[in-house]
Protein chains: 2
Amino acid sequence: MEQSVTDLCREFGLRLTGPRRIIMQVLFDSSDHPDVVELHRRVTAIEPTISLATVYRTVNLLREKGVLERHTFGDGRARYETTPREHHDHLINVETGSVIEFQSEEIERLQEEIARKHGFAIVSHKLEIYVRPLKRGRSRT
Amino acid sequence: MEQSVTDLCREFGLRLTGPRRIIMQVLFDSSDHPDVVELHRRVTAIEPTISLATVYRTVNLLREKGVLERHTFGDGRARYETTPREHHDHLINVETGSVIEFQSEEIERLQEEIARKHGFAIVSHKLEIYVRPLKRGRSRT
DNA sequence: TCTCAGATGCGTCGCATTCGCAAAAACATC
DNA sequence: GATGTTTTTGCGAATGCGACGCATCTGAGA
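Along each chain, residues carry numbers from 1 onward, in the same order as the chain's sequence is written. Each chain takes a letter, starting from A, and each ligand takes a number, starting from 1, following the order in which they are written. Per-residue local features of the predicted model are confined to residues with pLDDT of at least 70, and side-chain atom pairs are confined, for both listing and counting, to 80 or more; whole-chain, interface and lining totals are unaffected and use all residues. By convention in this description, side-chain values take in all heavy atoms of the structure and omit both hydrogens and water.

Our working rule: UniProt positions are given in the numbering used here, feature names are shortened, and annotations may be inferred rather than shown by experiment.
As annotated in an unreviewed UniProt entry, chain A is Ferric uptake regulation protein from Mesorhizobium retamae. Per UniProt, chain A has the following entry under Subcellular location (unreviewed entry): "Cytoplasm". Looking at the Subunit (unreviewed entry) heading of the UniProt record, one finds this comment for chain A: "Homodimer."

What follows is the structure in structure tokens.
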């Protein structure tokens, strides 16, 4: 883990600074989808002097480099996750706000097909399914 | 058209005011996905005294009532369209910002299946495919 | 150790959106 | 049509997220 932060900085020609080290560490240790303020909370729990601006700068940097993905679920604010090796989409529980990841090769394939049919190539895509728990007995399947 | 504005206000217990009448009219006459500022532009072309705040309040009201759908394509600002009878999703051309609507029953069905498999019912969903024109000769299909 | 481009913290700015409030307009009632 | 009550409106100020400018600080190569 610590190693990967060092490697990443080297790879992108970034200086391995104290704030950067901590922010990246927090990012890699987070398995949820925190927003910038939440990240700042976690970071300042470790090193209270790190400013919000630096967190913003760091996530932007890492997003440009493809290390992070940015999402905007319903509300306005941006939330981040480390780029997964396998692309996935999200189920968002509207009652709790919790996010579940899923994959569907079939949906991906259909998207590809639709884009091609319209004369386009896919740059990226976003599928968010807002859901609510089934009342009782998930009857079928 | 004019009739439907009257009906809508009655249905939701809203007063049929001058600004409201014009804003709703502009919304129903728009077949694209205007943002609030663009809506305000169109509205003030008819009645220059209507304020931006009123446009904001009206679109929020109509969104709560399910009359409008709000989208946020990439950029920060919200864009609106009247709720279509048939649900559709969007292809966004990243080079021009233009939006193309499409439908895929197959994708809808797969989403339904995924949600159910996780023990959820779908409340709503959003699929945005960001695309770029194919260079030359859309070879297949 | 010295140097200096890159990084940071702080304060400020910009944009989209919301809010508070007094004045104006709508609807129900007479 | 005048009256009273409640909702809307316009205005300007406030908010929230995110970005920026600048002076200061610091990592890492010479």
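Some thoughts on the side chain of K126 of chain A
Test applied: Helix and strand definitions here come from DSSP, where helices need a minimum of 4 consecutive H or I residues and strands a minimum of 2 consecutive E residues; each element is numbered from the N-terminal end. The contact criterion used throughout is that any non-hydrogen atoms of two residues lie within 4.5 Å.
Mapping K126 of chain A onto the fold places it in strand β5 (residues 120-133). Once residues lying within four places of it in the same chain are set aside, the contact partners of K126 of chain A are D89 of chain A together with K126, L127, E128 and Y130 of chain B.

Let's talk about the protein's contact with DNA strand D
In plain terms, the rule: Think of it this way: one heavy atom of a residue within 4 Å of a molecule or strand is enough to make that residue near it. What qualifies as a polar contact is a pair of N or O atoms within 3.5 Å, subject to a donor-acceptor requirement within protein and to the restriction that residues adjacent in sequence count only when both atoms come from side chains. Only Asp, Glu, Lys and Arg are considered charged in this grouping, and only Ala, Val, Leu, Ile, Met, Phe, Trp, Tyr, Cys and Pro are considered nonpolar; every other residue, Gly among them, is considered polar.
Around DNA strand D, the structure places 19 residues, and the nearest of them are R15, T17, R20, T54 and R57 of chain B. The sugar-phosphate portion of DNA strand D accounts for 68% of its atoms within 4 Å of the protein, the bases making up the rest. For DNA strand D, a base nitrogen lies 2.6 Å from a polar atom in the side chain of R57 of chain B. Sorting the residues of the surface near DNA strand D by element identifies α4 (52-64) of chain A together with α2 (18-29) and α4 (52-64) of chain B as the ones contributing at least two each. Sort the elements by how many residues they give to the surface near DNA strand D and α4 of chain A lands first, with four residues. For the surface near DNA strand D, the residue count by class is eight nonpolar, five polar and six charged.

Concerning helix α3 (residues 36-46) of chain A
Residue and element names in this part refer to chain A. To be explicit about the condition: Buried, partly exposed and exposed residues are distinguished by accessible area as a fraction of the type maximum, computed with a 1.4 Å probe on protein chains only: under 20%, between the cut-offs, and over 50%, respectively. Each direction from the helix axis to a C-beta atom contributes to the arc, which is the arc of those directions.
Three or more residues of α3 are buried, namely V36, L39 and V43. Angular distribution of buried residues about the axis of α3 spans 60 degrees; they occupy a single face of the element. Facing away from the buried side of α3 by more than 90 degrees, the exposed set consists of R41 and A45. Where α3 is buried, its residues contact α2 (18-29), α4 and β2 (79-82). N-cap assignment for α3: the residue whose side-chain oxygen lies 3.1 Å from the backbone N of V37 is D35.

What about empty space enclosed by the protein?
Residues and elements named next belong to chain B. What counts, and what does not: Here a cavity denotes grid points, spaced 1 Å and computed from the protein atoms alone, that fit a 1.4 Å probe unable to get out, and a pocket denotes an open set having protein on both sides within 12 Å along at least 5 of 7 lines; residues with an atom within 4 Å of a point are the lining. Grid points are joined across faces, edges and corners, and a volume is the space filled by probe spheres set on the points.
For the structure on display, the rule yields one cavity of 30 Å³ or more. As a volume, the largest cavity reaches approximately 40 Å³. What lines the largest cavity is L27, S30, D32, P34, Y80, E81 and T82. Grouping the constituent residues of the lining of the largest cavity by class yields three nonpolar, two polar and two charged.

Digging into the packing of α2 of chain A against α3 of chain A
Residues and elements named next belong to chain A. To keep things clear, this is the line we draw: The axes are straight lines fitted to the C-alpha atoms, using for helices just the contacting stretch, and the angles between their N-to-C directions are given from 0 to 180°. The cut-offs work like this: below 35 degrees is roughly parallel, past 145 is roughly antiparallel, 65 to 115 is roughly perpendicular, and the gaps in between are oblique. Should the near helix be turned anticlockwise from the far one by less than a right angle, the crossing is left-handed, and should it be turned clockwise, the crossing is right-handed.
For the pair α2 and α3, interaxial distance at closest approach is 10 Å and the crossing angle is 120 degrees. When the axis of α2 is compared with that of α3, the two are oblique. Between α2 and α3 the crossing geometry is right-handed. Along its contact with α2, which presents I22, I23, V26 and L27, the element α3 presents L39, R42, V43 and I46. For the contact of α2 with α3, the residue count by class is seven nonpolar, no polar and one charged.

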